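Reading the structure
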Amino acid sequence: MKPVKVGLLGLGTVGTGVVRIVEGHQEDLSSQVGSPIRIEKIAVKNLEKPRSIAIDRAKLTEDPWEVIRDPEIDVIVEVMGGVEQTKTYILEALERGKHIVTANKDLMALYGSEILAKALDNQCDVFYEASVAGGIPIIRTLIEGFSSDRIMKIMGIVNGTTNYILSKMSQEGASYEDVLTEAQQLGYAEVDPTSDVEGLDAARKMAILATLGFRTNVELSDVHVRGISSVTREDILYAKRLGYEMKLLGIAERQDDEFSITVQPTMVKNTHPIAAVGGVYNAVYVYGEAVGETMFYGAGAGEMPTATSVVADLVAVVKNLKLGVNGLKQIVPYKPKKLKTDEQIAYKNFLLLHVDDKAGVLARITQVFAEYEVSLDSVVQSPNTNVNGAEIMIVTHYASKASMDKVINHFESLDVIHRIKSVYRVEG
């Protein structure tokens, strides 16, 4: 049996996992696809770097073009990261008729539509399951499992670093700064954690999921993003007192053909299954018009979980190759993009206010809510000597983002309010 030859771009954590699985599971893979799968060439940054697995040095090159332009190679597996230069490599590989498997969320979030269109033109596969939620097969599920349904909502914990930080803050009462330092020491957070903690990583993943779920071209600029760097241990304590857990959630919602996407710290009711997802784990909740509620949970990163998704995509490419149906399963967005306005976006809100501790303050505050037609679910007022006044915790009923923005603006000019301490979305 003639082997299917694979070129690998990158031999870092995930690339090493891919080699381990492909070389260690040859019998299983061959039985699934009907021929051996062989890693023919690997592009690396440094030939001399020590590696945790034995690699035939003759397979290594520091020139990615040597892999892409090799006529013997059928499939390119891209796990090197990067965007602009990597996009150039991928587009040329597609021009040469090579199929692509990638774990690159940044690339697919920014240029996914262009890459998929090029793949369609050249009858090539582009699979990218590992770009979102590591070992959870959420992309394949959205494309195939929900193919007969209409997805109305996708809500997910899609960044393990921020979930680890918020989980530790909740469990131990630690500060954001202390847990971030610990996460960096453990390797869960980068030296520069901005992409994770400011929500950019999650936003890229939600753009990919929403594009697939809503069948429209969602761009990164369509995602409203707020990170967790301003979340305090007091915020998490107050959330727990009211029966909520704090999570950085990506939320994509559709009504008719109009949708909104946001990534922000969110107070989730502790009875909702996503509230129990702790540590570095990911979870994606999907609501389908027909199927109702579903949730997918598992490891969101790491060598073997992510590599498993990459190799699953590789197997799918090879199966298509054997059947001669490559390039026929691409989901190219076909619906026009219709973003919801701030008047159409609605959800529950939590507010923590530091106010004067005197008669009439609560009445003035509730009057502002009434003026902008925001109804209240619960109000708790208590004295707080630390803020020289009182604290008021408020949870609203569903209110439009436009109305809430007006309420907040009005509060900023109200003399009885010392500080708007916290404002968070509420789910569940």
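All of these numbers come straight from a predicted model, not from anything done at the bench.

Taken as a whole, the second largest pocket spans an internal volume of roughly 340 Å³. Taken together, 20 residues make up the lining of the second largest pocket; nearest its centre are Lys 153, Glu 253, Tyr 398, Arg 425 and Glu 427. Those elements that place two or more of their residues in the lining of the second largest pocket are β7 (151–157), β9 (244–255), β11 (281–288), β13 (346–355) and β17 (417–427). Among the residues making up the lining of the second largest pocket, the classes are represented as nine nonpolar, five polar and six charged. If you count residues domain by domain, the lining of the second largest pocket takes at least three from each of domain 2 (138–299) and domain 3 (346–426).

Here we come to the domain arrangement of the protein. Domain parsing of the protein yields domain 1 (4–131 + 303–323), domain 2 (138–299) and domain 3 (346–426). Between the C-alpha centres of domain 2 and domain 3 there is a distance of 26 Å. Listed per partner, the contact involves 17 residues of domain 2 and 13 residues of domain 3. With both sides pooled, the region where domain 2 packs onto domain 3 buries about 1400 Å², and carbon together with sulfur makes up 55% of that total. The interface formed by domain 2 and domain 3 contains two salt bridges. Listed by contribution, the elements that provide at least two residues to the side of domain 2 that touches domain 3 are α11 (233–241), β9 and β10 (258–269).

Let us now look at the pairing of β10. Of all 12 residues making up β10, 10 are buried, and the element is well covered by its neighbours. Two elements, strand β8 (residues 223–225) and β10, share three bridges in a ladder whose sense is parallel. If you follow Val 225 over to β10, its bridge partner there is Val 263. Judged from the 12 bridges that link them, β9 and β10 form a sheet pairing that is antiparallel. Paired with Gln 255 across the two strands is Glu 258, which belongs to β10. What sits between the antiparallel neighbours β9 and β10 is a turn of two residues, in which Asp 256 has the positive phi angle 55°.

Here we take up the UniProt feature "binding site: NADPH" (unreviewed entry) in the protein. Here, the residues flagged by UniProt with the feature "binding site: NADPH" (unreviewed entry) are Lys 105. Of note, Lys 105 is situated in helix α5 (residues 105–121). Residue classification places Lys 105 among the partly exposed positions, given a relative accessible area of 22%. What Lys 105 contacts, discounting residues up to four positions off in sequence, is Ser 131, Asp 201, Arg 204, Lys 205 and Ile 208.

Bringing the UniProt feature "binding site: NADP(+)" (unreviewed entry) in the protein into the picture now. Mapped onto this numbering, the UniProt entry gives "binding site: NADP(+)" (unreviewed entry) at Leu 9, Gly 10, Leu 11, Gly 12, Thr 13, Val 14, Gly 15 and Thr 16. Within the secondary structure, Gly 12 is located in the loop between β1 (4–9) and α1 (13–24). The exposure class assigned to Thr 16 is buried, which follows from its relative accessible area of 8%. Ignoring anything within four residues of it in the chain, the contact list for Thr 16 reads Leu 11, Ser 52, Ile 53 and Glu 303.

So, how was this worked out
- Residues numbered from 1 in each chain as written.
- Predicted model: local features only at pLDDT ≥ 70, side-chain atom pairs only at ≥ 80, totals over all residues.
- Heavy atoms only, no water.
- 1 Å grid on protein atoms, 1.4 Å probe; cavity = no way out; pocket = protein on both sides within 12 Å on 5 of 7 lines; lining within 4 Å.
- Points joined across faces, edges and corners; volume = space filled by probe spheres on them.
- Helix = DSSP H or I, 4+ residues; strand = E, 2+ residues; numbered from the N terminus.
- Nonpolar A, V, L, I, M, F, W, Y, C, P; charged D, E, K, R; others polar.
- Domains from an automatic or database assignment.
- Contact = heavy atoms within 4.5 Å.
- Buried area = accessible area lost by both parts, 1.4 Å probe.
- Salt bridge = Lys/Arg side-chain N within 4 Å of Asp/Glu carboxyl O.
- Buried < 20%, exposed > 50% of the residue type's maximum accessible area, 1.4 Å probe, protein only.
- Pairing = 2+ DSSP bridges.
- UniProt positions renumbered as here; feature names shortened; annotations may be inferred.

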